[in-house]
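Examining the three-dimensional arrangement
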Amino acid sequence: MCEWCFKHGDGGKWYNNARLYRNELADEYNAGEYLEEQWKNMETLFIRKIMGFNSIGLGYKMQMPIIGRLIRKVVEGQIHSEKENRNPVRADGHFGQVLPLEDAQHIMGNLAAEPIIKNYCVCRWMQRGVKDAVCINFGQLSEVIEKHTRYIPEGVKYRLDREEAIQALQEQNEKGYVASVWFQPVPYINAICSCESPECGGLRLRNDFNLKTVYKGEYLIDIDIDKCEGCKSCVRMCQFNALRYLPSVKRVIVDLDKCFGCGVCRHACKHDALNLVPRESIPGQAGKY
Amino acid sequence: MTKKTSIKLDYSKCHTGASTDPRECRKCLFVCDPAVFLMHPTLEKHPDPHNPEIWRVDAIWLSKCTGCMKCVEVCPEKAITVKPGDSLAIIRGF
Ligand code: SF4
Ligand code: SF4
Ligand code: SF4
Ligand code: SF4
Ligand code: SF4
């Protein structure tokens, strides 16, 4: 349980709270208007100026002690913002968390508001130049995205029912994409992404600049040493470089500081050696999102 | 002292309306392993917001550029110039 659970979880994980998916909540926060502005402008996010800085050469700027600290504070403050005058083109209040397939499928089956659509991943389009229809959006966001045809997959059925969305998540996760759930804006939840690094904007800021734009998952991987046969298959699945094969002991090891608990590596293991355990059950990792 | 990477694009060659539209080509985006480039609608200085019709490519994540020069080689318009500097791994903060 992270700070979002305490603030918005009503006693459980934030993304399991049915209230945060409802239309009434969206209306209360004027989400429709926010989403309209945000999605019209999505591809310009990283060239917009934030307090006089855009993201061009962000790494060099963040290396400067005073300016670096200031940028960190401002960017994290915006992504976590719950203020009333949030700026949609800066993605204020657009915070997300990595989650395992089971949790993502539970959301699609039980919590997500209709209509549900799948659309082109904007990150992969603007950073890799490929069209990959893997973003699952729902509720008021679907109706906004449908108006912007550049995000809508051509020649396929893009409105999904719950079963189709669950199946789509399954296929994407097995391919190696990492599931993530998003507020847009806090506390309204309307997207489950299947992300790829380094294109994903949220994971980029987290992985390369350690900005807390996305939290690690509620879980961590546990390797059953007795079952691991050292086939190395899981290593290529991990987008976070958390797994490595050791020739001396003929098995894989995990760096828990790097593990996001996405669970994607499990799809590769034929020996049932990989399982997710709650982050809270590992004292050195509890609370480290 | 960190030497910053500099990457310049010649928009007279690649731009919506120039001989190549980046949305058709996309080759630099495809070959760059660290995904340094961003393809986006033009952002006018003022007025904001942007011009949604005119697209171009900018090099954004300069500190992630490894100086491999693949983008320079692949660009059919010879529109990209890279002056490699230091590539930075994860920025941990202070
Ligand atoms: S957050 Fe992930 S899936 Fe969503 S648009 Fe970005 S990379 Fe694509
Ligand atoms: S080791 Fe952790 S981060 Fe890597 S794929 Fe497995 S669960 Fe995900
Ligand atoms: S896939 Fe399973 S058996 Fe193979 S190395 Fe990974 S944990 Fe071990
Ligand atoms: S030189 Fe290589 S790493 Fe740098 S921008 Fe070009 S393709 Fe990317
Ligand atoms: S490779 Fe050259 S022409 Fe093609 S999109 Fe990139 S900059 Fe433009």
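Values in this document were obtained by computation on a predicted structure and should not be read as measured data.

Residues and elements named next belong to chain A. Counting residues in hydrophobic clusters, the biggest one holds 97 residues, and the most contacted among them are Trp14, Tyr15, Tyr21, Trp39, Ile107, Met108 and Val181. Counting contributing residues per domain, this core is built from domain 1 (3-215) and domain 2 (219-281), each supplying no fewer than three. Ignoring sequence-local partners within four residues, the contact set of Trp14 consists of Cys2, Trp4, Cys5, His8, Gly9, Leu20, Phe95, Gln97, Val181, Phe183 and Ile189.

Right, let's talk about the environment of A:Leu111 for a bit. All names here are of chain A. As for its position among the elements, Leu111 is in helix α6 (residues 101-111). Judged by relative accessible area, Leu111 falls into the buried class, the value being 14%. When the C-alpha positions of Leu111 and Ile166 are compared, they lie 12 Å apart, and in sequence the two are 55 residues distant. Sequence-distant contacts of Leu111, that is, excluding residues within four places in its chain, are made with Tyr15, Asn16, Ala18, Tyr21, His106 and Arg162.

A word on the domain arrangement of chain A. All names here are of chain A. Once the domains are mapped, chain A shows domain 1 (3-215) and domain 2 (219-281). Of note, the centres of domain 1 and domain 2, computed from C-alpha atoms alone, are 27 Å apart. On the domain 2 side, the residues contacting the 20 residues of domain 1 number eleven residues. Taken over both partners, the interface formed by domain 1 and domain 2 buries close to 1200 Å², and the fraction arising from carbon and sulfur atoms is 57%. Summed over the shared surface of domain 1 and domain 2, the number is one salt bridge. Here domain 1 and domain 2 share seven residue pairs in polar contact (both at pLDDT 80 or more) between them. At the level of elements, α6, α9 (162-175) and α10 (201-209) are the ones that each hand at least two residues to the side of domain 1 that touches domain 2. A breakdown of the residues in the side of domain 1 that touches domain 2 according to their chemical character gives nine nonpolar, four polar and seven charged.

Criteria and thresholds
- Sequence positions are assigned chain by chain, starting from 1 and proceeding in written order.
- Lettering of chains starts at A and numbering of ligands starts at 1, both following the order in which they are written.
- Two thresholds apply to this predicted model, a pLDDT of at least 70 for residue-level local features and 80 or more for giving and counting side-chain atom pairs, whereas whole-chain, interface and lining totals are computed over all residues.
- Each side-chain value is worked out from all heavy atoms of the structure, with water and hydrogens disregarded.
- Residues enter a nonpolar core if they are buried and are Ala, Val, Leu, Ile, Met, Phe, Trp, Tyr or Cys, with the set joined through side-chain atoms within 4.5 Å.
- We call a residue buried when its accessible area falls under 20% of the maximum for its residue type, exposed when it is over 50%, and partly exposed in between, using a 1.4 Å probe and counting protein chains only.
- In this entry, domain limits derive from an automatic or database-based domain assignment.
- The criterion used for residue contact is that any of the two residues' heavy atoms lie within 4.5 Å.
- Secondary structure elements are taken from DSSP: a helix is a run of H or I of four residues or more, a strand is a run of E of two residues or more, and numbering for both begins at the N terminus.
- Once two parts are put together, the accessible area they lose, assessed with a 1.4 Å probe and summed over both, is termed the buried area.
- Salt bridges are counted wherever a side-chain nitrogen of Lys or Arg sits within 4 Å of a carboxyl oxygen of Asp or Glu.
- Definition of a polar contact: a pair of N or O atoms within 3.5 Å, with one able to donate and the other able to accept a hydrogen when the atoms are protein atoms, and with sequence-neighbouring residues admitted only if both atoms are side-chain atoms.
- Nonpolar residues are Ala, Val, Leu, Ile, Met, Phe, Trp, Tyr, Cys and Pro. Charged residues are Asp, Glu, Lys and Arg, and all others, Gly as well, are polar.

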